[in-house]
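# Coordinates in review
In case you want the letters, here they are:
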Amino acid sequence: MHVPLSRPYKTEEAIDYIKDVLSSPYVSSGPYINRFEESIKKVSGARYAVSCSSGTAALHILIKSLNIGENDDVITTPFSFIATSNVILYEGANPVFCDVEERHLNLSYDRVKDCIEKDYAWKNGKLQNKHTGRILQAIMPVHIYGYPAYMKGFKDLAQRYGLKIIEDAAEAFGSYIYIDGKKQMAGTIGDAGVYAFYANKQITTGEGGVIVTGERKIMDDALSLRNQGRSLSSKWLIHERIGYNYRMSALNAALGLSQVEHLPKVIEKRRSAFYRYNQLLGDIDEIELFTEEDHVKTNWFVYIIRFKKAELRDKVATYLKEKGIETRPYFDPPLHLQPAYRKILPYKEGDFPISEDASRRVLALPFFTGIKEEEQIYVSKTLKEAIGKLL
Ligand SMILES: Cc1ncc(COP(=O)(O)O)c(C=O)c1O
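Residues numbered from 1 in each chain as written. Predicted model: local features only at pLDDT ≥ 70, side-chain atom pairs only at ≥ 80, totals over all residues. Heavy atoms only, no water.

This part is about the side chain of Asn 227. Tracing the sequence through the fold places Asn 227 in the loop between α7 (216–225) and α8 (250–260). Judged by its relative accessible area of 15%, Asn 227 is buried. Within the structure, the side chain of Asn 227 is placed 2.8 Å from the side chain of Arg 247, a separation counted as a polar contact. Ignoring any residue separated from it by four or fewer positions in sequence, one finds Asn 227 in contact with Trp 236, Tyr 244 and Arg 247. (Helix = DSSP H or I, 4+ residues; strand = E, 2+ residues; numbered from the N terminus. Buried < 20%, exposed > 50% of the residue type's maximum accessible area, 1.4 Å probe, protein only. Polar contact = N/O pair within 3.5 Å; in protein donor to acceptor, adjacent residues only side chain to side chain. Contact = heavy atoms within 4.5 Å.)

Here we take up the nonpolar core. If you look at the biggest cluster of nonpolar residues, it comprises 74 residues, and the most contacted ones within it are Tyr 145, Phe 154, Leu 365 and Leu 383. If we skip the residues at most four places from it in the chain, Leu 383 touches Leu 281, Ile 284, Ile 287, Ile 305, Phe 307, Val 316, Leu 320 and Leu 365. One finds Tyr 9, Val 21, Phe 173 and Phe 197 within the second-largest nonpolar core, a separate group that totals 29 residues. (Core = buried A, V, L, I, M, F, W, Y, C linked by side-chain atoms within 4.5 Å.)

Moving on: the environment of Pro 329. With respect to the helices, strands and loops of the structure, Pro 329 is situated in the loop between α10 (310–322) and α11 (339–342). Owing to a relative accessible area of 31%, Pro 329 belongs among the partly exposed residues under this scheme. The contact partners of Pro 329, leaving out residues within four places of it in the chain, are Arg 313, Val 362 and Leu 363.

This part takes up helix α2 (residues 31–44). Between the first and last C-alpha of α2 there are 20 Å, a value that for 14 residues agrees with the 20 Å anticipated at 1.5 Å per step. Tucked into the core, α2 has its buried residues touching α1 (13–22), β1 (48–52), β9 (182–185), β10 (192–196), β11 (209–213) and α8. Positive backbone phi, at 85 degrees, marks Gly 45, one or two positions downstream of α2. (Expected span 1.5 Å × (residues − 1).)

Let us look at empty space enclosed by the protein. Enumeration according to the criterion identifies 1 cavity of 30 Å³ or more in this entry. Taken together, Ser 6, Arg 7, Pro 8, Tyr 9, Ala 199, Asn 200, Lys 201, Arg 270, Phe 368 and Thr 369 make up the lining of the largest cavity. Class assignment of the residues belonging to the lining of the largest cavity gives a composition of 4 nonpolar, 3 polar and 3 charged. Residues lining the lining of the largest cavity come from more than one domain, with at least three contributed by each of domain 1 (13–260) and domain 2 (263–390). (1 Å grid on protein atoms, 1.4 Å probe; cavity = no way out; pocket = protein on both sides within 12 Å on 5 of 7 lines; lining within 4 Å. Points joined across faces, edges and corners; volume = space filled by probe spheres on them. Nonpolar A, V, L, I, M, F, W, Y, C, P; charged D, E, K, R; others polar. Domains from an automatic or database assignment.)

Here it is, written out as structure tokens:
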């Protein structure tokens, strides 16, 4: 049996919606963009939604629209996909990594608090780095694997220190957090957030992303920045700032719309596949499984196991591959040890021990909305067989 790591979710309506776009004059922009953005607003509860050509483009626009640039710091996690910190670097700003917490591998509130208290001091109403002179502008938590980060804590810090919060919710569309009894979708709690819709995500547009925010100014800037710096009021060939072509096409939006309408079903399918794996794998002593706390409801992006002994991980992955099962060491290496960053950032091995340790021990198993019970049984049985043989 071949079991892929991921398989995109598709719905019957997709063909009708895409045909509808093709039979209209509006294949680039047009009504489907609006319909897709409205559907995102409706399900996420965000006031504004701005679709973009990718999650990376959406994050980049947010960095720009918050005026984060040279001589600015943004605190984020080293345990993420590289786009999270690349967008900070695109603008000449500096990613300041803080380690993750052990349990869910999200940015650690305690590490962020320590870092701010130790390395920054007030200057002219701003937090200035005592060593580099840079100004701390924002915290960018990532809801890694779709599991919501500790937003209540980050909001408190942001309020206390006058910082912005950009949520990288690329992996967390449809994940919820209960804060003070109120259920909120991850991505809608900070000043702005981003969902991504690559083929392996809970909902896909092929390629695409969306900014969600409650702030009018962020939305206005995002609309202009994604559209070559045009403003809504100016003519098509008048550009009021240097912008980008970061627009989503109507074809992608139609695909997305056909999926967003199914979100509750997608969430339930992914959650039951997650718990089925937890049941099937719960008796393996050599691995640790992720679980969910009461204050969150996760639309899991991936299914991760954590080996107790790092040496076993790659051997098991090779064994599974021979048996037709795709896996990925998601994320190895952590960002501060990426070749591209070793050349330009001052970090070294040992700086973020929890991220580094997790990187050596995690493995993503096949997991997607339509995964079949027999596929999960085959993966679990083969994983047990591998561990039995390789121990
Ligand atoms: C945490 C995180 N941030 C950002 C991105 C970038 O999204 P995209 O691939 O749509 O540019 C991804 C994509 O996988 C991601 O996982």
